[in-house]
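# Observations on chain architecture
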Amino acid sequence: MTDRRRELPSVDRLLRDPAIAELLRHAPRNAVVAAAREVVHRARTRRAGPPPDWGEAVREQLQDIATRSLRPVLNATGVVLHTNLGRAPLAPAALAAIAEVAAGYSSLEYDLHAGTRGHRADHCRTLLAELTGAEDGLAVNNAAGALVVALNAVAAGRRVLISRGELIEIGGSFRIPDIMAKSGAVLAEVGTTNRTHLGDYEAAIADAAAILTVHRSNFEQRGFVASPRSAELAALAGRHGIPYLVDVGSGLLADLAPHGLEGEPRVTEAVAAGASLVLFSGDKLLGGPQAGCIVGTRTWVAAVRSNPFARALRADKLTLAALEATLAVYRDPDRALSEIPVLAMLTTPADVLAARAQALAAACPAALAPRLLPGHSAVGGGAFPEAPLPTTLVALDPGTLGAHGLALRLRLGEPALVVRVEDGQVVLDPRTLPPERASDVARALAAALQDP
Ligand SMILES: *Cc1c(COP(=O)(O)O)cnc(C)c1O
């Protein structure tokens, strides 16, 4: 083995190999050189040693380089807000807005009335205020960023009161104590893990700069628990002339209670309770692009807007285009439920899901012995962690490939299909699959069954 490694060709020699020289006729020289260098490096460092066919190895590596790493995926997991799969698919209106703004110039920071410099922060401002009942609004890069800038703007170097029951980790390295430390605010814990009372905040409020409430997005506390109502905390903060901040997380604007989804705080409720600043994600239950939305009173939103972190965490024009278009859809609540994909998926009736599962099963290769199975979808994104979302699943028998083997082939196919593996079966949930893509799913399954 060691001897064979010593005999590795140089990159220059590989490029003179006729099979590889041929590649240079179709691909840029830099790309072929990079591919050859990688193949030699791998032959030197990996146990497998040199490839059986250098020309073939370089050609494959070249193909890998040419494939985009950020690729569209068909989501058959039934997790609607799948953070690893990019959270919210966008509404048609948002896609159109992105395309228009991206293709040319825009009024991003330009006042078309005056013909002079305008303000990026003015986009989405009116809509955010109108839809939430707040006085003012601002969109930044994401909700974690919104919390950093808000805390820095209202409490740098000063104490912020937060219940011990809300010192949470949300995933993807979002931990409240860490975020707070980085924002420059000083964490002041009050109460206990399960019970925090208004008196706990009162006792600690003397030199506090703000009160913060964080929604425990991805878990629920039950049993011997207590926490003050938002309106009580807002009133307490108001009496002491300090702001009350609420991180509601998922940005629920729609009323999903008629569809059996209850318990997730709505942005409008926090605003109505008297919060000074309410923070939420753009790409969770709001169903828009990745963004951090901040709404609240004129004074406190202005303080956030003029903070240097607001500049560092500003939203780009594509985000603002998509967010504005998504928010505009909410002006008609019925339209929001049907046109915003996240809301449409969450409110798809059980009989419609059953019919889609049936159509999907009928299109699946017979070799996979498709069967219908009652099951559950998940909201994901830390929202409604215990919501019951009954669905009809299509269960597939993976045969000799095994469930994980079939799942791997499906992930690496074109289009990539991400499935659930349960009890040795591959399982598809129609809730997160666009119905018009059923034939693509069937084709992906058929391709995965073919010999490599
Ligand atoms: C998800 C979440 C965040 C982070 O939002 P991003 O948009 O991912 O930055 C912050 N706070 C709460 C309560 C959340 O649920």
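Residues numbered from 1 in each chain as written. Predicted model: local features only at pLDDT ≥ 70, side-chain atom pairs only at ≥ 80, totals over all residues. Heavy atoms only, no water.

### A few points about the packing of helix 4 (residues 29-45) against helix 5 (residues 54-66)
What counts here: Where helices are involved, their axes are fitted lines through C-alpha atoms of the stretch in contact, as for all axes, and angles between N-to-C directions lie from 0 to 180°. What counts as a helix is a DSSP run of H or I of at least four residues, what counts as a strand is a run of E of at least two, and both are numbered from the N terminus. The handedness criterion is simple: a crossing whose near helix is rotated anticlockwise from the far helix by less than a right angle is left-handed, and one whose near helix is rotated clockwise is right-handed. Contacts are assigned to residue pairs that have any heavy atoms within 4.5 Å of one another. Gly counts as polar in this scheme, as do all residues outside two lists: the nonpolar Ala, Val, Leu, Ile, Met, Phe, Trp, Tyr, Cys and Pro, and the charged Asp, Glu, Lys and Arg.
Contact geometry of helix 4 with helix 5 gives a least axis separation of 8 Å together with a crossing angle of 120 degrees. Pair helix 4 / helix 5 crosses with right-handed handedness. Seen from helix 4, the contacting residues are Ala31, Val32, Ala35, Ala36, Glu38, Val39, Val40, Arg42 and Ala43; seen from helix 5, they are Trp54, Ala57, Val58, Gln61, Leu62 and Ile65. Counted by class, the contact of helix 4 with helix 5 contains 12 nonpolar, one polar and two charged residues.

### Structural notes on the pairing of strand 11 (residues 292-296)
Counted only if it meets this: A 1.4 Å probe rolled over the protein chains alone gives each residue an accessible area, and that area as a share of the maximum for its type sets the label: buried under 20%, exposed over 50%, partly exposed in between. Between any two strands, at least two bridges found by DSSP are needed for them to pair.
By the criterion of burial, strand 11 is predominantly enclosed, with five of the five residues buried. Residues Gly292, Ile294 and Gly296 point to one face of strand 11 and Cys293 and Val295 to the other, with burial holding for every one of them. Two elements, strand 5 (residues 136-140) and strand 11, share five bridges in a ladder whose sense is antiparallel. Residue pairing for strand 11: Ala139 is matched across the bridge by Cys293. Looking at chain direction, strand 10 (residues 277-281) and strand 11 are connected through five bridges and run antiparallel. Across the sheet, the residue bridging to Val278 is Val295, located in strand 11.

### Considering the packing of aromatic side chains
Note the threshold: Each Phe, Tyr or Trp ring, with Trp reduced to its six-membered ring, pairs with another whose centre is within 6.5 Å; inter-plane angles below 30 degrees give stacked pairs, above 60 give edge-to-face pairs, and intermediate values give tilted ones. Charges are assigned to positions over rings by a cutoff of 6 Å between ring centre and Lys NZ or Arg CZ, combined with an angular limit of 35 degrees from the ring normal.
Enumeration according to the criterion identifies zero aromatic pairs in this entry. The lysine or arginine in question, Arg195, covers the ring of Phe224, its NZ or CZ lying 3.9 Å from the ring centre.

### Thoughts on the sheet that holds strand 9 (residues 244-249)
Read across the sheet, seven strands follow the order 5-11-10-9-8-6-7 without closing on themselves; strand pairing throughout is mixed. Lying at the two open borders of the sheet, with one neighbouring strand each, are strand 5 and strand 7 (186-190). Neighbouring strand axes in the sheet, compared pairwise and without regard to direction, differ in orientation by 25 degrees on average. The strands touched by helix 7 (residues 125-132) are strand 5, strand 10 and strand 11; relative to strand 5, the strand with the most contacts, the crossing angle is about 120 degrees.

### A short note on the site of the ligand
How we decide: One heavy atom within 4 Å of a molecule or strand is enough for the residue carrying it to be called near that molecule or strand. Polar contacts, as used here, are pairs of N or O atoms within 3.5 Å; protein pairs need one atom able to donate a hydrogen and one able to accept it. Residues neighboring in sequence count only if both atoms are side-chain atoms. Each accessible area value is a Shrake-Rupley result obtained with a 1.4 Å probe; residue values ignore everything except the protein chains displayed when judging cover.
Taken together, Arg87, Asn142, Ala143, Ala144, Ile170, Phe174, His215, Ser217, Asp247, Gly249, Ser281 and Lys284 form the complete shell of residues around the ligand. Contact between the ligand and Ser281: an oxygen atom at 2.7 Å from a side-chain N or O atom of the residue. A distance of 2.8 Å is found between an oxygen atom of the ligand and a side-chain nitrogen or oxygen belonging to Lys284. Relative to its unbound accessible area of 380 Å², the ligand is 93% covered by the protein chains. Only helix 8 (143-155) and strand 9 provide two or more residues apiece to the shell around the ligand.

### Regarding helix 18 (residues 350-363)
The line we're drawing: Multiply 1.5 Å by the residue count of a helix minus one, and that product is the helix's expected span. Throughout, the arc means the angular range of directions from the helix axis out to the C-beta atoms.
The terminal C-alpha atoms of helix 18 lie 20 Å apart, and with 14 residues this matches the ideal 20 Å at 1.5 Å per residue to within 8%. Residues of helix 18 that are buried include every one of Leu353, Ala357, Leu360 and Ala361, and no others. Axial view of helix 18: buried residues confined to an arc of 100 degrees, hence all on one face. Facing away from the buried surface of helix 18 by more than 90 degrees, the exposed residues are Asp351, Gln358 and Ala362. Looking at the buried side of helix 18, the elements it contacts are strand 12 (371-376), strand 14 (390-396), strand 17 (425-428) and helix 20 (438-449).

### Some remarks on the environment of Thr348
In this fold, Thr348 is placed in the loop between helix 17 (341-346) and helix 18. Separated by 262 residues in the primary sequence, Thr348 and Gly86 place their C-alpha atoms 21 Å from one another. At a separation of 2.7 Å, a polar atom in the side chain of Thr348 contacts the main-chain carbonyl oxygen of Ala344. Within the structure, Thr348 has its side chain in polar contact with the backbone oxygen of Met345 (distance 3.3 Å).

### Some words on unusual backbone geometry
Cis rather than trans, the peptide bond between Glu414 and Pro415 has omega equal to 0 degrees. Here Pro415 shows up in the loop between helix 19 (403-411) and strand 15 (416-418). A positive phi angle is found at Ala369, which is not glycine, with a value near 45 degrees. Along the polypeptide, Ala369 turns up in the loop between helix 18 and strand 12. A relative accessible area of 36% means that Ala369 is categorised as partly exposed. In this model, Asp423 sits at a positive phi of 50 degrees, which is unusual for a non-glycine residue. Residue placement: Asp423 occurs in the loop between strand 16 (420-422) and strand 17.

### As for the sheet that holds strand 17
Strands sit in the order 12-14-17-16 across an open sheet of four strands; the sheet is antiparallel. Either end of the sheet is taken by a strand with one partner, and the two such strands are strand 12 and strand 16. If you compare each strand with its neighbour and ignore which way they point, the axes differ by 40 degrees on average. With three bridges connecting them, strand 14 and strand 17 associate as antiparallel partners. Looking at strand 17, one finds that Val394 is bridged to Leu428.

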